[in-house]
Every structure is written in structure tokens, then in C-alpha cells.
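Descriptive analysis of the structure
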Amino acid sequence: MKKTISLILVIAVMLSLSACGGAKGTTGIGDNTGEPAIKHTGKKIDGEILSASLFSEGLAFVELSQEEGKSYCIDKKGHIVFELDIDLSIDGDINSTFINGLAYVNEGLCNTTGKVTKPADVGATTFYYASTLSAGYILAEVVTADYSNTSKKLGVLNTNFEWTVEPSADLYNEFADEYGYSEIDNALNTTDYTVGDLYFNVSLEKALNLKTGEVIKDKSKIGTPSSSLWILGSGGSQYTGYYLPSESSYLSEENLILDLTKNGEVCSATSFVNGRAAIVYRNTSANKYYVTMIDEEGKHLFEPVETKYSSVETDGKYILVSDTALGSGDYAEVFNNKGEKTGEIDVSADTSKSYHLHLGDGVILVRAGIINMMSGYNGKAYYLDISCKDLF
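Assignment of secondary structure puts serine 322 in strand E26 (residues 318-322). In this structure serine 322 comes out as buried when scored by relative accessible area, which is 2%. Only 3.5 Å separates the side chain of serine 322 from the backbone oxygen of threonine 324, close enough to count as a polar contact.

Now the structure itself:
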């Protein structure tokens, strides 16, 4: 009986280990951190990181100092998940992050196994995804031309690059301006938004059902966008509140959805992430700062705690407060969503470089570099965990 039980246990362990593996040459190893297992090559990144992206969905892109024109996708242990023969860096920054398993990588959209799909691969000309990828869809424009005519069509793809709405000229014309140019969202127009399966074009005040292709012209049927799309408004040296997206750059009171002026002077605030935002109050008379998180109703998730600095970022779970606006500076404090300080950063000893500190997916990205007009970017990047120790 004991031998039978032992054999069953061995088989169960083997099946468990087999389930952790994936495609040939990959390994998937979970741990006790609550992070999902991610298939990787088994190799770790080796060498100084020159450029890096924020972590998102457990992954980040990096480029090494000694290798030009190649990017690596890594997990939080520093394992290489896949590599791309694509240069993603712009002056030390890599802005490619994953949304619903896809990241923009110059030539197209890359999935978490390294497969890059370009518009031409699915018979399209251009992908538009900034406002729709979070809902699991990609708007795609199809342009064909001959010696006498140009045809423009619009369709919708899901994240597996299957057409949910076949491209049509009628659909393109529904979202074209008076000159025939597409009014569909792109990376430069972030006021458009999705509500469920509905994509709402702010400038045209009409919506597209991304699943069925139905065009909806009654704005009352659209619904309110998620808090992650609310726009921060400011007046003077303080933030006044969150507003609904609008075609106009002017934030009117009728679009105000959350007032920030009721509890004190808010000198720094973030966008909402997973229903939470971080804000910093300034007590001008005492020259002190206090940080907290709020929910979508503006309620504090914890009593504001004193912090040394005023510039704030959040990933919805943790808060990074640094000493200079836009994340550039030498000092920072990190807090969890209960207001407990988890670590501090001090890079002031290195005066040869300009430091930029950012937070994403529970990981702090430290960029240190100088841009020289003659020689270009010279710097490095590395990651810290929320206790401000090296990630790997």
C-alpha cells in the first residue's frame, strides 16, 4: 500500500513539473510571491542594462550596453522570456508595456511569447489601439489604391488578431472627418475611450460596438468611462479634480466627476489604476507633505501619512513619492496601500548622471543617464523591489 501511494505521489509531482514547462526550450517556474508562472528560456540577463521599460503584466523590455539593435523581454527574476532584433530605446527610455498580453514594438504588436504581428500580416495598413487594447480590441485601417482610386476601410480585431468586425468602407466613413480622414483614436489622441465593448469617439460623439460593429449615435447609451480614463485638472499650484474626457482641452465643471479641493491642497496626484489613485497634500504653513490613496469616490484608503517629497506615482498597489516632478530626482520613499513605508531611495552620491525614478507593477525602475548632443545617450538602468533592494 505504501509503495502504491509513493508511486501516485511521484506521478503527481512529474505531472506538476510537466505542467510548469511549455514550448521546447522554455521553463515556467512559479514561486510563493503570488506572481503567475511565466515561461522563460532558463537564461538570465547578463550585462549592464542600458535602457529599460516599466514592468507590466510581470514583464519588461531591456537593452544591454554591449548589444545594439537587440531587445530582451525579462521576468521579475531577470530571466529572459524572449529576445527581439528590434531597437526599442529612445534616449534611454523604452515605452513598450503590455496591455492584455500585447505591447507595441515599433513594427507592430508583440505578444508575451515574442511573436510580432504587423498590420500587413492581417491585411491591414495601420493599427489603432491606445483606447481599445485595454478592452481587448484593436481598430485596424485598411487602405488600398490603384492608379485612379483610393479605398479606405475600418475593421476591428481581437487580441488574437481575428476580425470581430470585418473591414468596411461604410464603417470608415462613419468615423471620418469632413475631408475624409480618419478620426479614429491613435497614440496622440487619448481623449477617446472604451466602456465595455463600446469605443466612444469624443470628437464625433458617436460610439462603435467593437464586438458587433454597430454604430451608436446616442451619447446617453454610452455610459461613463472607467476611472483610469478620467483626466486630472489643475488650477494654479494645486490639482482641482478628475474630469470626464472631452473634445475640448478646457475642463468644464459639467465634466467634473471627483472634486479634490474639499479636504486640502493637493499638490500632486496620479491617474487612477485599478480604481485607486495616489495624492499628496501640502500643508503650506507647516511646509509639510502628506500622501494617501483614494478610491473612486475620493475616500482615503488610509489616513494621510507624512512624506518628505511631493511628486507621486502609483501602480494601484504601491506609491512612489520622489523629490522632483516627473520622477526625476535623487530621493524617494515607497509606501504600500496601507500607508506603511516599505523603503527609501538615495542616489545623491552619484552626481555624474541625472536620475529618473518610476514605479510599475510593484517594481521601481531607476534610470541614470546623460544625453550628449554629440555622443548621444550615456547611462544605465536597473530595477528595485518595493523594499528598494535590487530586484535581481
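With antiparallel pairing, four strands are arranged side by side in an open sheet as E10-E11-E12-E13. Each having just a single partner strand, strand E10 (126-128) and strand E13 (163-168) make up the two edges of the open sheet. The average undirected angle you get between the axes of adjacent strands in this sheet is 20°. The sheet contact formed by E10 and strand E11 (residues 137-145) spans three bridges and is antiparallel. Looking at the pairing, tyrosine 128 lines up with leucine 139 of E11.

Taken as a whole and judged by the stated rule, the model has 12 aromatic pairs. Each ring, one from phenylalanine 55 and one from tyrosine 383, has its centre 4.9 Å from the other, and the planes form 65°; the classification is edge-to-face. One end of the pair, phenylalanine 55, is in the loop between strand E3 (49-52) and strand E4 (60-64); the other, tyrosine 383, is in strand E31 (residues 376-384), and 328 residues separate them in sequence. As far as burial versus exposure is concerned, phenylalanine 55 and tyrosine 383 are alike and both buried. Of the aromatic side chains, those joined through ring pairs into one cluster are Phe55, Tyr383 and Phe392. Lying across the ring of phenylalanine 175, lysine 206 places its NZ or CZ 5.9 Å from the centre.

Attention shifts here to the sheet that holds strand E24 (residues 305-307). Within the open sheet, the four strands sit side by side as E21-E22-E23-E24. Their pairing is antiparallel. Unpaired on one side and paired on the other, strand E21 (266-269) and E24 mark the two borders of the sheet. With strand direction ignored, the average angle separating the axes of adjacent strands in the sheet is 35°.

Quick notes on the rules
Residues numbered from 1 in each chain as written. Predicted model: local features only at pLDDT ≥ 70, side-chain atom pairs only at ≥ 80, totals over all residues. Heavy atoms only, no water. Helix = DSSP H or I, 4+ residues; strand = E, 2+ residues; numbered from the N terminus. Buried < 20%, exposed > 50% of the residue type's maximum accessible area, 1.4 Å probe, protein only. Polar contact = N/O pair within 3.5 Å; in protein donor to acceptor, adjacent residues only side chain to side chain. Pairing = 2+ DSSP bridges. Axes fitted to C-alpha atoms, helices over the stretch in contact; angles between N-to-C directions. Phe/Tyr/Trp six-rings, centres within 6.5 Å; stacked < 30°, edge-to-face > 60°. Lys NZ or Arg CZ within 6 Å of the ring centre and 35° of its normal.

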